[in-house]
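Tertiary structure, described
Single-letter residue listing:
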Amino acid sequence: MARVREKKDLETRLIHGAYDRQRHHGSLTPPIYQTSTFSFDSAEQGEARFAGNESGYIYSRLGNPTVDILEKAIADLENAEAGAAFGSGMAAVSSVLMALVRSGDHILVSEGVYGCTFGFLEMAQERYNIAHNFIDMNDEKAVREGIKENTKVVYVETPINPTMKLIDLKTVIQIAKERGVTVVVDNTFCSPYLQQPLDMGADVVLHSATKYICGHGDVIAGLAAGKADFIQELKMTTLKDMGGVMAPFDAWLLLRGLKTLSVRMDRHCTNAAFLFDKLKDHPRVSKVIYPGDPASDQYDLAKKQMSQPGGLITFEIEGGKKVAQKVLNKLKLVQVAVSLGDAETLIQHPASMTHAVVPEENRLAMGITDGMLRLSAGLENAQDIWEDLEQAMK
Ligand SMILES: *Cc1c(COP(=O)(O)O)cnc(C)c1O
């Protein structure tokens with residue numbers, strides 16, 4: 001008997017998943033509803049919509065049909081009940097966290113997070129009395145002891161930016177669940193194509209959609225997905241009232257990007273694997289960190305929770321910051337830029353760029369050294385990327 005599937009495979013859903021063409025005159029691609037507001041048929045209809053007695057659009061900060069299609073798409077891809085779109089990845093991070101905590105609460109955070117997430121947590125602590133602390137999430141005892149009476153959220157990034165350290169999601173989620181604590185996973189580095197934290201039991205997954213989901217380096221955006229009641233609350237509170245919403249045109253660009261996510265990710269991954277093989281044998285490179293390294297003690301974990309090792313490689317140049325900067329200045333094809341997941345191969349120096357806001361002491365404790373470079377493998381010919389890196393390291 002043929003296998004009856006509830007859902008089509010991800011590659012197909014990326015293209016056909018959430019969009020109902022029949023509701024939009026058969027338009028092959030989703031239309032852009034470039035409008036700020038929506039006219040009501042009558043005063044009574046306006047009243048009913050505001051009262052929540054009739055579904056329908058009111059004002060684009062509260063909901064927009066193009067943005068809705070994208071929100072349905074991310075929910076579908078992450079196997080969530082609902083999704084929400086934001087004007088940036090940081091709007092997703094801050095809105096999700098602010099919807100989950102109140103003054104006096106505590107957030108337990110994986111050691112090493114995105115630089116601005118670190119900045120946001122510091123600000124929340126200083127100004128709003130929302131405490132946090134960073135722990136090694138692979139230390140089970142530390143996780144158990146780190147969850148206090150007032151801990152409302154366990155916040156995890158895996159792989160961690162830029163050290164590529166992985167966190168065992170299953171274990172962390174299990175401990176948090178026992179204690180009734182919400183688990184939020186920043187899945188930016190993987191995209192739903194490589195890792196699906198909700199399937200492992202996480203409560204909320206979020207993305208800087210600026211990266212792999214967009215894939216073309218032309219949008220700043222964020223996405224989140226989770227249970228319908230949480231997403232509804234998020235939309236009616238922090239998203240609506242703090243206002244970090246996504247523009248309809250950006251939603252359209254992301255829907256366009258999503259169609260090729262699987263094809264792009266496969267290529268990012270094969271290019272990264274190729275570059276890892278070359279980098280690990282290069283005399284100027286003292287260390288390479290890559291989840292697909294069979295010699296790494298996290299290789300088994302990578303295989304367990306990621307379908308492929310991803311497109312990012314972090315490596316250390318011998319000679320520290322001076323030499324690392326010299327290498328960057330010699331590159332011709334590879335672009336010296338922050339961000340990741342674009343068609344172009346990008347390289348950056350975390351200590352002086354993405355993680356410059358992190359005090360040196362914390363930065364070194366996170367393992368972000370002065371000679372460290374983070375490379376996002378693009379979609380170019382792998383040999384061409386390597387030749388550029390090789391000439392720059394001469
Ligand atoms: C880029 C990034 C963010 C922030 O996203 P923006 O779209 O730049 O606001 C958050 N988390 C991770 C892991 C990122 O790489």
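Let me sum up the structure you'll find in this document. (Residues numbered from 1 in each chain as written. Predicted model: local features only at pLDDT ≥ 70, side-chain atom pairs only at ≥ 80, totals over all residues. Heavy atoms only, no water.)

**Remarks on the nonpolar core**
- Counting 72 residues, the largest nonpolar core has V96, I107, Y155 and L254 as the members making the most contacts within it.
- For this core, the element with the most residues is helix α4 (residues 89–100), which contributes seven residues.
- Counting only domains with at least three residues in this core, you end up with domain 1 (10–31 + 63–258) and domain 2 (261–393).
- With sequence-adjacent residues up to four places away left out, L254 is seen in contact with L70, A209, I213, C214, V219, A221 and M246. (Core = buried A, V, L, I, M, F, W, Y, C linked by side-chain atoms within 4.5 Å. Buried < 20%, exposed > 50% of the residue type's maximum accessible area, 1.4 Å probe, protein only. Helix = DSSP H or I, 4+ residues; strand = E, 2+ residues; numbered from the N terminus. Domains from an automatic or database assignment. Contact = heavy atoms within 4.5 Å.)

**Details of the layout of surface pockets**
- Put simply, the largest pocket is a space of about 1100 Å³.
- Around the largest pocket, the lining comprises 41 residues; the ones closest to its centre are Y57, L62, G63, D68 and K235.
- Looking at the lining of the largest pocket, the elements that each hand over two or more residues are α2 (43–51), α3 (65–77), β1 (82–86) and α9 (228–242).
- Counting residues per element, the lining of the largest pocket draws most heavily on α3, at eight residues.
- The volume enclosed by the second largest pocket comes to roughly 370 Å³.
- Residue lining of the second largest pocket: 23 residues in total, with M90, Y114, S208, T210 and K211 positioned closest to the centre.
- Listed by contribution, the elements that provide at least two residues to the lining of the second largest pocket are α4, α5 (115–128) and β6 (204–208).
- For the lining of the second largest pocket, the per-class residue count stands at eight nonpolar, 11 polar and four charged.
- Domain assignment of the residues forming the lining of the second largest pocket places at least three in each of domain 1 (10–31 + 63–258) and domain 2 (261–393). (1 Å grid on protein atoms, 1.4 Å probe; cavity = no way out; pocket = protein on both sides within 12 Å on 5 of 7 lines; lining within 4 Å. Points joined across faces, edges and corners; volume = space filled by probe spheres on them. Nonpolar A, V, L, I, M, F, W, Y, C, P; charged D, E, K, R; others polar.)

**A few points about the pairing of strand β7 (residues 222–226)**
- The buried fraction of β7 amounts to five of the five residues, a majority that puts the element mostly inside the structure.
- A two-sided burial pattern is seen for β7, the buried positions comprising G222, A224 and G226 on one face and L223 and A225 on the other.
- Across five bridges, β1 lies against β7 in antiparallel orientation. The residue bridging A82 from the neighbouring strand is G226, located in β7.
- Where β6 lies against β7, five bridges are found, and the strand directions are antiparallel. Paired with L206 across the bridge in β7 is A224. (Pairing = 2+ DSSP bridges.)

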